[in-house]
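Each chain, letter by letter, is given below.
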Amino acid sequence: MTDASVAFLLDDLHELLINHAHLIKDNKKDLESLEKQLRDLKTFIRNTEKKRIKDDELIRNIRCAVYEAEDVIDAFVDAVQRSYFEALEFESSYLSKRAASIVFPKFWRSSWFSITGIGKKVKEVTQNLMSLMDGAHSLNIDDDGDKHENSKDLMVRQENVAGFKDEMNAVIGYLTEQTDELDVITMVGIPRSGKKTLARMIFDDSKIKYEFTTRIWVDVSSEFKERDILLTILSSFTAINEDVKGKSYEALTDQLISHLESEKFLIVLADMWSLNDWDSLRIALPKPGKVLITTCNEEVGRYTSNFRQPHKVRPLSESESWELLQLKVFGKTECPPKLETVGQLIAKQCEGLQSLVVFMAGILERNDLSYGDDIMARRIAWMETCRSISEYRSMKLYDILPTHMKLCFLYLAAFPYDLEIAAGELISMWIAEGFIAPQNGLTLEECAERYLEDLIRINLVMCARFKANGKVKTCRINRMLHDFCKKEAGKEGEDLLTEIKFIDGEFYPPISRLSYHHRLSIHSNISDFFSHKPFCPRTRSLFVFSKDEVCLSQEIISSIPTAFKLLRVLNAKQIQFTHIASDIGELLHLRYLALSSNLSVLPVYFSNFWNIQTLIVNTTSPTLDIKPNILKFTKLRHFRTNASANLCKVDTAHDGGVKLQSLATISPKSCTKETFSRASNLKKLGICGKLSLLLDKKIESFENLAALGNLENLKLVNDAYPNPPSEGRLHSLPPYNDFPPTLKSLTLVATYLEWSQIRILEHLENLEVLKLKEMAFVGESWITCDGCFRSLKALHIAETNLSTWVASASYFPELRRLKLRNCDQLKNVPIELADIASLQLLDLYETKLAADSARRFLVEKQSLLKERSMDTEDFTLSIYPLSSYEQEDLQGDTHATCHVEGEIEPCQGEGIDVEVNQLHQIEIHTVDKEDRRAKRDIKHCGSRKKIINVPRCRRRSGLRVIRLQQAQAKRQSKVHLHQTRSQSAHLHTSRQHGPRLDLGATSIHPRVS
């Protein structure tokens, strides 16, 4: 984590030295010296992390030095920049010690002119750490870091486990196949599933030793660079002295090829996370040869495997987990009878994760040593361990994360645990904090998306909703993991994040002690907190969350920039800024700003945000005049507002806008050639206003979008305010060749086009998502003709007067999702679309007349899937609201397991088994439809996870409703009802909408929107 802080400070220093030299004229040499020392410190940290050296005091020393240097640099820029603004007419000599002493806080004055002093301190700490590093080398620390997993004793035991033996034989078979090419075998599996242990067993197998004269093992940690991997392999052939280290990458590659050409070699690359690692190494490996890769990243697995699919390491079965647990604890597969039941439960809850089984066995083994022959005391200790297994599992998953992903994960502690977090905003905050390292060929956003997907894949984060293109739209984290994040992020000496709590009328930590905290998050009593006028000069990030909108006085709003002058991230959308004072322009270090207001003008003093990367402004006004020239900002990546934004005239004298990726929503008159030529790398664009002015070329021309050669997502919102949208209806779409050819997603809102115009969109060859909302197209019938949407994967139609729809499967050959919302006049869903092989979802919401045809659609689709020997569960029909017939269909014997966080699967048993985690009670309502009487049962759960059985309805007319209630607020959960008949159903309950039925699938997925 400290490495990220150093990297961030280095970026700031580089920016200061290169682009803002006028601010540091008198101190440039000292800052250059500090930059060099920090680079040395960064190298030392990476070497330390590679050797898995953990020293809390060492880490604290590094962090304190970095934070102090960071404070001085940022404060220096802040003070000098203010003086620069106030006294432009003075000579640069005025911007020196006297000016700084006037505006600089007292507690910094003592070190204000100590840039050199701070540099010396960093150098002194670095020298001390280098001596610690030398001492660490003498400790002979295991680079692998997993002593338990790699001990020969454990290997012998694990070889006797059937699951490992089967896996071993399969992979050994691949390795011993004869080939004249470079053959890459990739083992893919979730973290702690035993990939690395299995690879080590294979590496040490006698067959492999006989087959390969040269065997090389490389641990590819996230901190390793391509050059490090190359040097590690070369160390098997030659001593790595300074001459070898000094060679170019090309020379090292040639040297490695010369060694491997004459050898029959096997190279194991363990824990590979990045595609870049393989791309750079592949050119250095001659053929023939064998490479075995272990990875958690399925994309890496698919990319690296050249002759076969990646080998997926399956989890251990319950019996294998229990066998391994016994071997590790007792040395044999014999367990005392009184420990057997709880031991089997522990093995089951390890969910097949080999490493977690070994970890839990170590805990049990220590317990047994403490209690000796006292079998009852041992049993109680085992039961306590069993209750805490979820926390242990999280700890193990967290431990194996790369450093940068640990930061991203712990950052989620800033958000309320039950909040659906917008993935795009989270990613922008990660980037603003400096957590995302650039990778070759990928944008920072693409790298961050992969981090988030990896966290979701290993179940540390949950996807709440997907976008239409399959990417994550919102995510959340469960209560237990949220508590874990808060605990880790708030550890003494870590200072990653501090949550401000209001307890018994007092804030904790006390407001008077917040001056040294780097990131603050507050979720309640917002007005009281700011009314106390906190002073947090070292705080870099401030998160404000509230269930209700917060209105602050102008005086308090004006005090925020002074109190938090070094902010980089300000997430304050819950605060209604009724007034934005000029003081906000003093937040020069802001990289991420999200706020809400009722203003129709964005003030010109936002021009001071020369570090801004993401700017989000929500307003109650339908239009927003942007006075600052946001296209002048060289670092701006995203600008978003819910209004129609009028951009100021582009100043061609500046070179900003190059990094801008999303711009939404702007007015038609802002769609100028100058705007799009400056923001030529846009990927997402939203335009809101009277679109006819743009399409009819009355102000600007739609043809200007042709300059956007990277645009993938376009949203066009027709708003004729103050007139109704129908008065500004469009007569036609622009020619298809006026649309950017790279367009993948198109949303049309309130355009009132005739259905015949949709044929223009057929020619957009890369279009994958089409959303038609709020009368985008009007007319009672849509009859498709020749032609097709050859790449379309998702079609959403909402709020239309469409009545008759005729279409064939060939018109949407790649369609996967079809959503119809509020199409209350639509009579039928074209049955022909059931023949689309790729179709996975048909979702009807408030589209009642077409519900019967949708049920026929389901029958036809399932029949076709069976004919093609495909799984009928590959298709889901979702209908809201339920008909009376469907409500009756939910009666009878029903069984379910309901996890409060949404992991839902069918189970066996009488009635309904509900697994409750950290809920205080569960309410069961059984309604008798015949006499309308309702019975309400409450089962108290306590704070721990437990299984509660809800008895079956005695009468077939009973309709069961389940509500899960937490300590403070009631929330309603999704409950899967798996029926005894062949058909299955999902019952969703919602405070706003009541029950909803999903037919045809037996597993529940995050909602697509």
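Worth saying up front: this structure is predicted, and the values here are computed from it rather than measured.

Q: It is not clear to me how the overall build of the protein chain should be interpreted in this structure. Could you clarify?
A: Of regular secondary structure, the protein chain possesses 31 helices and 45 strands. Going through the 1009 residues of the protein chain one by one, you find that 55% of them count as buried. Taken as a whole, the protein chain presents about 44900 Å² of accessible surface, with 47% of it coming from carbon and sulfur.

Q: Please explain the nonpolar core as it appears in this structure.
A: Soluble, globular proteins show a tendency: their nonpolar side chains are buried together. Counting 116 residues, the largest nonpolar core has Phe530, Leu685, Leu714, Leu761, Trp805 and Phe812 as the members making the most contacts within it. When residues in this core are grouped by element, the largest group, six residues, is from helix α30 (residues 851-867). Contact partners of Leu761, with chain neighbours within four places excluded, come to Leu733, Phe739, Leu746, Leu748, Leu767, Leu770, Phe777 and Phe789. If you look at the next biggest cluster of nonpolar residues, it comprises 50 residues, including Tyr398, Phe415, Leu481 and Val569.

Q: Sorry, what's going on with the pattern of salt bridges here?
A: Pairing is possible between side chains of opposite charge, provided their charged atoms come close. Taken as a whole and assessed by the stated rule, the structure comprises 26 salt bridges. In this structure, Arg308 and Glu177 form a salt bridge, with 2.9 Å as the shortest nitrogen-oxygen distance. With Arg308 in the loop between α16 (298-304) and β5 (311-312) and Glu177 in the loop between α9 (162-175) and β1 (182-188), the pair connects residues that are 131 residues apart, well separated along the chain. A salt bridge links Arg465 to Glu420; its shortest N-O distance comes to 3.2 Å.

Q: Before we go on, may I ask you to explain the sheet that holds strand β2 (residues 214-219) in this structure?
A: Adjacent strands of a sheet pair through backbone hydrogen bonds, lying either parallel or antiparallel. Pairing in this open sheet of five strands is parallel, and the strands run β2-β3-β4-β1-β5 from one edge to the other. The open sheet is flanked by β2 and β5, the only strands paired with a single partner. Against the sheet, helix α10 (residues 195-203) contacts β1, β2, β3 (265-270) and β4 (289-295), and its axis sits at roughly 165 degrees relative to β2. Of the strands in this sheet, β2 and β3 are in contact with helix α12 (residues 226-234), which crosses β2 at around 145 degrees.

Q: Looking at this model, I keep getting lost on the pairing of strand β18 (residues 623-626). Mind explaining?
A: For a regular strand, the rule is simple: side chains alternate between the two faces of the sheet. The alternating pattern of β18 places Leu624 and Ile626 on a buried face and Thr623 and Asp625 on a face that is not buried. Relative to β18, strand β16 (residues 601-602) runs parallel, the two sharing two bridges. If you follow Val601 over to β18, its bridge partner there is Asp625. Sheet analysis places β18 next to strand β19 (residues 638-646), joined by three bridges and oriented parallel. Paired with Asp625 across the strands is Asn646, a residue of β19.

Q: Got a minute to help me understand unusual backbone geometry in this structure?
A: As a rule of thumb, non-glycine residues mostly have phi less than zero, and peptide bonds are mostly trans rather than cis. Pro288 follows Lys287 through a cis peptide bond whose omega is 0 degrees. Along the chain, Pro288 turns up in the loop between α15 (275-282) and β4. The linkage connecting Tyr721 with the following residue, Pro722, adopts the cis geometry, with an omega of 10 degrees. The topology assignment puts Pro722 in the loop between β22 (713-718) and β23 (745-749). You will see that Glu351, though not glycine, has its phi angle at about 55 degrees, which is positive. Here Glu351 is to be found in the loop between α18 (337-349) and α19 (354-371).

Q: Before we go on, may I ask you to explain helix α20 (residues 375-387) in this structure?
A: In an α-helix, one turn spans 3.6 residues; hence positions three or four apart end up facing the same way. For α20, which comprises 13 residues, the first-to-last C-alpha distance of 19 Å matches the rise-based estimate of 18 Å (1.5 Å per residue) to within 8%. All buried positions along α20 are accounted for by Ala377, Arg378, Ala381, Trp382, Thr385 and Cys386. Those residues of α20 hidden inside the fold are in contact with α17 (318-330), α18, α19 and α21 (389-399).

Q: Where do I start with the packing of α21 against helix α25 (residues 479-489) in this structure?
A: It is at 10 Å that the axes of α21 and α25 come closest, and there the two elements cross at 55 degrees. Classed by the angle they form, the pair α21 and α25 counts as oblique. When you trace α21 past α25, the crossing you get is right-handed. Facing α21, whose interface residues are Ser390, Glu391, Ser394, Met395 and Tyr398, α25 presents Met480, Leu481, Phe484, Lys487 and Glu488.

Q: Whenever I open this one, a positive patch on the surface confuses me. Can you help?
A: A cluster of basic residues, Lys467, Lys473, Lys684 and Lys715, forms a positive patch on the protein surface. Residue Lys467 is classed as partly exposed on the basis of its relative accessible area of 34%.

Q: In this structure, what is going on with the pairing of strand β30 (residues 817-821)? I would like to understand it.
A: Most of β30 is tucked away: four of the five residues are buried. Alignment of strand β28 (residues 794-798) against β30, held across five bridges, turns out to be parallel. If you follow Ala798 over to β30, its bridge partner there is Arg821. Where β30 and strand β31 (residues 841-845) come together, five bridges link them in parallel fashion.

Q: Just checking my understanding: could you explain helix α22 (residues 403-410) for this structure?
A: Of all eight residues that make up α22, seven are buried, and the element is covered over most of its length. When we look at burial in α22, the residues that qualify are Thr403, Met405, Lys406, Leu407, Cys408, Phe409 and Leu410.

Q: Please explain the confidence of the model for the protein chain as it appears in this structure.
A: Regions with low pLDDT carry predicted coordinates that are not meant to be interpreted in detail. For the protein chain, per-residue confidence averages 75 on the pLDDT scale, and 71% of positions sit at 70 or higher. Confidence drops under a pLDDT of 50 for residues 135-160, and excluding neighbours within four residues, the segment shows 44 contacts in the predicted structure. Overall, residues 886-1009 carries pLDDT values under 50, and its contacts beyond four positions in sequence, including any with other chains, amount to 299 contacts.

Q: Hey, could you run me through the packing of aromatic side chains in this one?
A: Across all of its chains, the model carries 25 aromatic pairs by this definition. Relative to Phe545, the ring of Phe415 lies with its centre 5.3 Å away and its plane at 50 degrees, an arrangement referred to as tilted. Taken together, the positions of Phe415 in the loop between α22 and β6 (421-422) and Phe545 in the loop between β12 (541-544) and β13 (550-551) put the pair 130 residues apart, joining distant regions of the chain. Across the pair, Phe545 and Phe415 agree in class, each one buried. Taken together, a centroid distance of 5.2 Å and an interplanar angle of 5 degrees make the contact between Trp782 and Trp805 stacked. Within this pair, whereas Trp782 is found in strand β27 (residues 781-783), its partner Trp805 is found in strand β29 (residues 804-806), the two being separated by 23 residues in sequence.

Thresholds, definitions, all that
- By convention here, each chain's residues receive numbers from 1 onward along its written sequence.
- Per-residue local features are limited, in this predicted model, to residues with pLDDT of at least 70; the limit for side-chain atom pairs, both in listing and counting, is 80 or more; totals at the level of whole chains, interfaces and linings are taken over all residues.
- Side-chain figures throughout are based on the complete set of non-hydrogen atoms in the structure, without hydrogens or water.
- Only DSSP runs of H or I with at least four residues qualify as helices, and only runs of E with at least two residues qualify as strands; both kinds are numbered from the N terminus onward.
- Remark: exposure states derive from per-residue accessible area (1.4 Å probe, protein chains only) relative to the maximum for the residue type, with buried under 20%, exposed over 50%, and partly exposed in between.
- Accessible areas in this description were obtained via Shrake-Rupley with a 1.4 Å probe; residue shielding takes into account the shown protein chains only.
- Only buried residues count toward a nonpolar core, which is a set of Ala, Val, Leu, Ile, Met, Phe, Trp, Tyr and Cys residues joined through side-chain atoms within 4.5 Å.
- Here a residue-residue contact requires only that any non-hydrogen atoms of the pair lie within 4.5 Å.
- Here, a salt bridge means any Lys or Arg side-chain nitrogen found within 4 Å of an Asp or Glu carboxyl oxygen.
- Note on pairing: two strands pair once DSSP finds at least 2 bridges between them.
- Structural elements are reduced to axes, namely lines fitted to C-alpha atoms, with helices fitted over the stretch in contact, and the angle between N-to-C directions of any two is expressed from 0 to 180 degrees.
- By this rule the span expected of a helix is its residue count minus one, scaled by 1.5 Å.
- Orientation is classified from the angle alone, with under 35 degrees giving roughly parallel, over 145 giving roughly antiparallel, 65 to 115 giving roughly perpendicular, and any other angle giving oblique.
- By convention the crossing between two helices is left-handed if the near helix lies anticlockwise of the far one by an angle smaller than a right angle, and right-handed if it lies clockwise.
- Patch rule: a residue counts if its relative accessible area is over 30% and it has no salt bridge; like charges are joined within 9 Å, and nonpolar side chains (Val, Leu, Ile, Met, Phe, Trp, Tyr) within 5 Å.
- Residues scored as positive are Lys and Arg, those scored as negative are Asp and Glu, and His as well as the terminal groups of each chain are ignored.
- Note on charges: their place is set at NZ of Lys, CZ of Arg, CG of Asp or CD of Glu.
- A score from 0 to 100, pLDDT tells how confident the predictor is in each residue.
- Ring pairs shown here join Phe, Tyr and Trp side chains whose ring centres sit within 6.5 Å, with only the six-membered ring taken for Trp; geometry is labelled stacked below 30 degrees between planes, edge-to-face above 60, and tilted in between.

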